[in-house]
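Residue strings, one per chain:
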Amino acid sequence: AQTVTQSQPEMSVQEAETVTLSCTYDTSESDYYLFWYKQPPSRQMILVIRQEAYKQQNATENRFSVNFQKAAKSFSLKISDSQLGDAAMYFCAYRSGNAGGTSYGKLTFGQGTILTVHP
Amino acid sequence: DAGITQSPRHKVTETGTPVTLRCHQTENHRYMYWYRQDPGHGLRLIHYSYGVKDTDKGEVSDGYSVSRSKTEDFLLTLESATSSQTSVYFCAISEGGLANRGQYFGPGTRLTVT
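First, a word on scope: everything that follows refers to the structure included in this document. Here the structure is a predicted model, which is why all the values come from computation and not from measurement.

What to know about the overall build of chain A
Within chain A, the regular secondary structure consists of zero helices and twelve strands. Secondary structure of chain A in N-to-C order comes out as β-β-β-β-β-β-β-β-β-β-β-β. In summary, chain A has a C-alpha radius of gyration of 14 Å against a globular reference of 14 Å for 119 residues, a match within 12%. C-alpha extents for chain A along the principal axes are approximately 50 × 30 × 25 Å.

Written out as structure tokens, the structure reads:
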């Protein structure tokens, strides 16, 4: 079974600065997808960014980028030019890329990291 | 935003009573999921569905059952609620197939079992 670990329960950053959230995972699969979700106080789960394991290029979405190290099984999220609206709980998630059978699409989540942004 | 609604949004119930949570989608996605969120555990999968009347257990399925009689609706039932089932429950949907867009989540239901 796959596991996802976020070792930073809480992180803080000054507005306009850069912060990196860590995520490691354990899997024996070679084909999979990784995601970062944001959960603001409203409780809504928002997909921030995704990475396909077969792609060597790190995904980027505006101020959000990832550092995907497949051999190290590491998937960190970098938030540049942090804004007050970035304050939220962030979850790392893993999904098998195996399209066979009925297991397709299930996500395994890390424990989450609470990000505080200071003005 | 994906069209996913959950009802009720909040519920307080007593130990031993049955509770049903509803998830409704307007996206016609094949896959639907129920998760619970608890501090220190992230989100954990309870049950999921890969089609009408096709469901399977997740990692924390004890005490829960599900049903899916229509593509758009996925029901989660607590047959006899316990205090350990106090949690926030999320429904999610996915296109499945070769789609790699991840899952889209409903707004969540906060359930308190007293």
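What follows continues from the structure just given.
Quick word on the packing of aromatic side chains
Inspection of every chain in the model, using the stated rule, returns 18 aromatic pairs over all chains. With 6.2 Å between their ring centres and 25° between their planes, A:Trp36 and A:Phe75 make a pair best called stacked. Of this pair, A:Trp36 sits in strand 5 (residues 32-39) while A:Phe75 sits in strand 9 (residues 74-79); the two residues are 39 residues apart in sequence, bridging distant segments of the chain. Here A:Phe75 falls in the buried class, since its relative accessible area comes to 0%. A connected cluster of aromatic rings, assembled from ring pairs, spans A:Phe35, A:Tyr37, A:Phe91, A:Phe109, B:Tyr33, B:Tyr35, B:Tyr48, B:Tyr50, B:Phe90 and B:Phe105.

Some details on the pattern of salt bridges
All names here are of chain B. Summed over all chains, the structure comprises seven salt bridges over all chains. Here Arg22 and Asp73 are joined by a salt bridge, their closest N and O atoms 3.1 Å apart. Of this pair, Arg22 sits in strand 3 (residues 19-25) while Asp73 sits in strand 8 (residues 73-78), and the two are 51 residues apart along the sequence. Under the relative-accessibility criterion, Arg22 is labelled partly exposed at 33%. Close ionic contact of Asp38 with Arg44 constitutes a salt bridge, the shortest N to O distance being 2.9 Å.

Remarks on the nonpolar core
The nonpolar side chains of a soluble globular protein tend to be buried, and buried together. Residue and element names in this part refer to chain A. Of all hydrophobic cores here, the largest spans 25 residues; its most connected members are Tyr25, Trp36, Phe75, Leu77 and Tyr90. Breaking this core down by element, the ones donating at least two residues are strand 3 (19-21), strand 5, strand 6 (46-52), strand 8 (64-69), strand 9, strand 10 (88-96) and strand 12 (113-118). Residue contributions to this core peak at four residues, all from strand 10. Ignoring anything within four residues of it in the chain, the contact list for Tyr25 reads Thr3, Val4, Tyr32, Leu34, Phe68, Gln69, Lys70, Lys73, Ser74, Phe75 and Tyr94.

Some points on unusual backbone geometry
With an omega of -5°, the peptide bond running from B:Ser7 to B:Pro8 counts as cis. With respect to the element layout, B:Pro8 can be found in the loop between strand 1 (4-7) and strand 2 (10-13). A positive phi angle, near 50°, is found at A:Asp81, a position not held by glycine. On the secondary structure map, A:Asp81 appears in the loop between strand 9 and strand 10. Backbone geometry places B:Lys53, a non-glycine residue, at a positive phi of 65°. For B:Lys53, the location among the structural elements is in the loop between strand 5 (42-51) and strand 6 (54-57).

About the cut-offs
- Residues numbered from 1 in each chain as written.
- Chains lettered and ligands numbered in written order.
- Predicted model: local features only at pLDDT ≥ 70, side-chain atom pairs only at ≥ 80, totals over all residues.
- Heavy atoms only, no water.
- Helix = DSSP H or I, 4+ residues; strand = E, 2+ residues; numbered from the N terminus.
- Rg over C-alpha atoms; globule rule 2.2 N^0.38 Å.
- Phe/Tyr/Trp six-rings, centres within 6.5 Å; stacked < 30°, edge-to-face > 60°.
- Buried < 20%, exposed > 50% of the residue type's maximum accessible area, 1.4 Å probe, protein only.
- Salt bridge = Lys/Arg side-chain N within 4 Å of Asp/Glu carboxyl O.
- Core = buried A, V, L, I, M, F, W, Y, C linked by side-chain atoms within 4.5 Å.
- Contact = heavy atoms within 4.5 Å.

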